[in-house]
Every structure is written in structure tokens, then in C-alpha cells.
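Structure assessment
Each chain, written out:
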Amino acid sequence: QVQQNVERLFTRFVEEGKATVRLREPAVDLCLSKANVTNLKTFLSAVRLAHQGSDTGVLPLSPLVPAKNSDVEKPKTKMIITSRRDYPLTKSFPFSLEHLQTSYCKLARIDARVLCLKKLRKLDLSHNHIKQLPATLGDLVCLQELDLHDNHLEAFSGALCSSGLQKSLQLLDLSQNQIQALPIEFCQLRALVRLRLDDNALLRLPCRIGQLSRLRFLSAARNKLPFLPSDFRRLSLENLDLFGNPFEQPNPLVPNIQLKIPLTLLECAARATVNHRIPFGCHLLPSHLCKDLEVAKTCRCGSACLSSFIQITVTMNLHHVAHTVVLVDNMGGTDAPVLCYFCSLDCYSQFLDRHLQSNG
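The numbering scheme is per chain: residues are counted from 1 as the chain's sequence reads. For this predicted model, a pLDDT threshold of at least 70 governs which residues receive local features, and a threshold of 80 or more governs which side-chain atom pairs are given and counted, while totals over whole chains, interfaces and linings are taken from all residues. Water and hydrogen atoms play no part in the side-chain values, which are based on all heavy atoms of the structure.

Where an unreviewed UniProt entry is consulted, the protein chain appears under the name LLR1 protein, with the organism given as Nicator chloris.

Take a look at the structure:
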């Protein structure tokens, strides 16, 4: 369909036998090259008239001659750019691209033209100067691999975690940035298989990281992690690297007591909602309460607690969650401190009795 369907004609290099016809629906570029200049001009004139709705009888069309295989260019699916000099400033990216790499181009932001490439499966923007990610990046619903290492990122927005990337994104590389924390929504990226967070300034990992049930490769070396979240125990990894983090020495005998006795009505209601799996949402509760409920802590007994709890750190051997573990420190250790919560003094006392007995 050509009538009223031509977005633009690119004819700058028509004298070289090259031209591009951009269609609206489907959103594709028809790239012509190695054409006879006279025939190409005639064809472009016919396209213009057809777009305007002219009768086919008056179109200046020449007899069709089957094209040779050598004359037909396949849609371009891969483009690799590794210098600022080669970055296209006036030409558009082919809409057919599935793999795009633009590294070492000193980009301060993601090019809006890249965000229109709906077929992208792999996007490599490493070694640039990108500080922020646009929310529209989440519109690339086919994106499986996103490489952003060695940029200037300070955050990864919750909006991206709630976008179409939830179902598609399998590899994410955020290493060598300046990220201090990841949003609560990060664990909605449940298709993730590989996650690299090395060489950032992370002070904590997402509290619901155990929801990443497909995650198999996790690397968060050389950050500022003092301990791991309680939910870390639920991971099932093939490879784990946490080398070079300033992990604290666990001390179960020095608890952080946040218990409120008697429990507030809010705490009782929150615990009941989570324990009995009562449905809730922003149409029923204020949004801040919904967020609190979504990150409720879990006691060793299995019960939930919200803001009234006892917190300690205990030692966990990382081989419990990963088949292959890179040493945590230069001393050859594979243990790390993990948070542990108790909903009451009774639960903490029972744990403490067992801990003291096992340690003589």
C-alpha cells in the first residue's frame, strides 16, 4: 500500500543510484542501491504520484525485470559503531535493526532515534557518558540484552522496571557506574538471567531480590555492601561474585531491636494482611501502605512483620545459593553476612538458644 503511506523519500544520493523510501505502515525503510539512475528517478516519481493517489494508468512505470540476488540488499539487522567519528548525525538508523552497539561515542544521553527501533533485541551503549535513562527505553518490548557498563548512571528508574522490559530483558550490565541503590521495583524484571553490578557504589541490594527466580549469574563485586538482604537466600545461581565488598562481621548477640510492644493497630493489620494473603492495592489502600506491605519482612517462623521487628546479621555460606562462588575476600572465604528478622522476642530467644548451643 503506497497511497498516503509514504513518510519520506531520501534522495540525496540518487545520482549514485541510491535512495530510501520510508513507509508509515509498516514502519520500514525500503533501501535502494546499485540502481540505474534514470530508472530510479522514474520509480521515485511514480512513488510520489502513487502516494498522492494518482491513477495507476498514468504512472511512469517501466516493465518489471526480475532482480538478481546480488542486487537485492537484505534488511540490515546489526550495526556496530565504536567511535564518535562514525556516529550517524544526519542519517537515521534502519528500523530493521535487532542489534545496535554505539560504544566510545561520548554520548551524554540515549539518542531518541534509537528508542524508535522496536525490533531491537540487543542494545550496547557501554563506554559513554550517559547519566539518565529515559522512561521510553521501556517501550523496546523485544529488548533482551542491555549493556550500559562504564557510563555515569546514578540510578535505574522504577518506571523501567515496571515497563515491557519485565518480560523481555534477560541480560543487564550496569557495572562501572555510580549507582548507590536499586529501586524496589527492580525485582519485577523477572526474566533476568544475567545481572552485572560491579564497580558501583551500592550500599544495599534490592530487598526482594529472591523474586528473580530465573537469575543464574550475579556479579556485584567492588561495591559498598555491608550485608545481604534476607531474601538473598531464595536465589538459585550458577555463578556469584561479591568480591571486594566491606562486609560487616555478623554478631547475632547484638540485635537491632525495633519492637513496639504492644503492637500498633497498623502493625497488626499489616501482619494479618500478609500472613493471610489478603488482596490489596492502591484502589483500597494509600500507595505508601501498599509499598510497605510489598516489602514486609519475614520472620524465621514464617510470619510477617512491618515496622516492629528484631534485626540481626548471621553468616551464610554463599554455596547455599550458588554453584560457583568467587572468593569474597583475599583470605579465601565464601561466607557473607545476611540479614535475619524476628517478629517477637520469643522467636529471637528460640533462635538465640539454638545458636548458643551449636557454638558450645
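1. Describing the nonpolar core
Cut-off, in case you're wondering: Each nonpolar core is a collection of buried residues, namely Ala, Val, Leu, Ile, Met, Phe, Trp, Tyr and Cys, held together in the definition by side-chain atoms within 4.5 Å. Here's how the labels work: a residue is buried when its accessible area is under 20% of the maximum for its type, exposed when over 50%, partly exposed in between, all with a 1.4 Å probe on protein chains only. Each helix is a run of H or I in the DSSP string that is no shorter than four residues. Each strand is a run of E no shorter than two, and both are numbered from the N terminus. Each domain span listed reflects an automatic or database assignment of domains. Residues count as neighbours in contact if any of their non-hydrogen atoms are within 4.5 Å of one another.
One finds Leu123, Phe156, Phe186, Leu218, Leu228, Phe232 and Leu318 to be the most contacted residues of the largest nonpolar core, which totals 78 residues. Within the residue set of this core, elements represented by two or more residues are strand S4 (78–81), helix H2 (158–161), strand S11 (237–241), strand S15 (310–317), strand S16 (322–326), strand S17 (335–342) and helix H6 (345–358). Residue contributions to this core peak at six residues, all from S17. The two domains that each donate at least three residues to this core are domain 2 (78–224) and domain 3 (256–315 + 337–358). Here Leu228 is in contact with Leu205, Leu242, Phe247, Met316, Leu318, Ala336, Pro337, Val338 and Leu339, once residues within four sequence places are set aside. Membership of the second largest hydrophobic core comes to nine residues, among which are Val14, Val21, Leu23 and Leu44.

2. Re the sheet that holds strand S2 (residues 19–23)
Our working definition: If DSSP finds at least two bridges between two strands, the strands pair. Each axis is a line fitted through C-alpha atoms, and for a helix only the stretch in contact is used; angles between axes span 0 to 180 degrees, taken between their N-to-C directions.
Strand order across the open sheet formed by three strands is S1-S2-S3, with antiparallel pairing between neighbours. Strands with a single pairing partner mark the edges of an open sheet, and in this sheet they are strand S1 (6–10) and strand S3 (29–32). Pairs of neighbouring strands in the sheet enclose a mean axial angle of 10°, with direction left out of account. The sheet contact formed by S2 and S3 spans four bridges and is antiparallel. Counted as the bridge partner of Val21 is Leu30 from S3. Against the sheet, helix H1 (residues 37–51) engages S1, S2 and S3, with an angle of about 160° to S1.

3. Quick word on the environment of Pro337
Mapped onto the elements, Pro337 comes out in strand S17. Given a relative accessible area of 4%, Pro337 falls into the buried group. With 86 residues separating them in the primary sequence, Pro337 and Asn251 have C-alpha atoms 9.2 Å apart. Excluding residues that lie within four positions of it along the chain, Pro337 makes contacts with Pro226, Phe227, Leu228, Phe247, Glu248, Pro250, Thr313 and Val314.

4. Some words on the pattern of salt bridges
We count it as follows: Note on definitions: salt bridges are taken to be side-chain nitrogens of Lys or Arg within 4 Å of carboxyl oxygens of Asp or Glu.
Under the definition given, this model contains 10 salt bridges. Among the salt bridges present, the one from Glu145 reaches Lys122, with a minimum N-O distance of 3.9 Å. Linking Glu145 in strand S7 (residues 145–147) with Lys122 in strand S6 (residues 122–124), this pair joins segments that are 23 residues apart in sequence. With a relative accessible area of 33%, Lys122 lands in the partly exposed category. A salt bridge links Arg222 to Asp199; the nearest nitrogen and oxygen atoms lie 2.8 Å apart. Here Arg222, found in the loop between strand S10 (217–219) and S11, pairs with Asp199, found in the loop between strand S9 (194–196) and S10; they are 23 residues apart in sequence, far enough to count as distant. With relative accessibility at 38%, the residue Arg222 sits in the partly exposed group.

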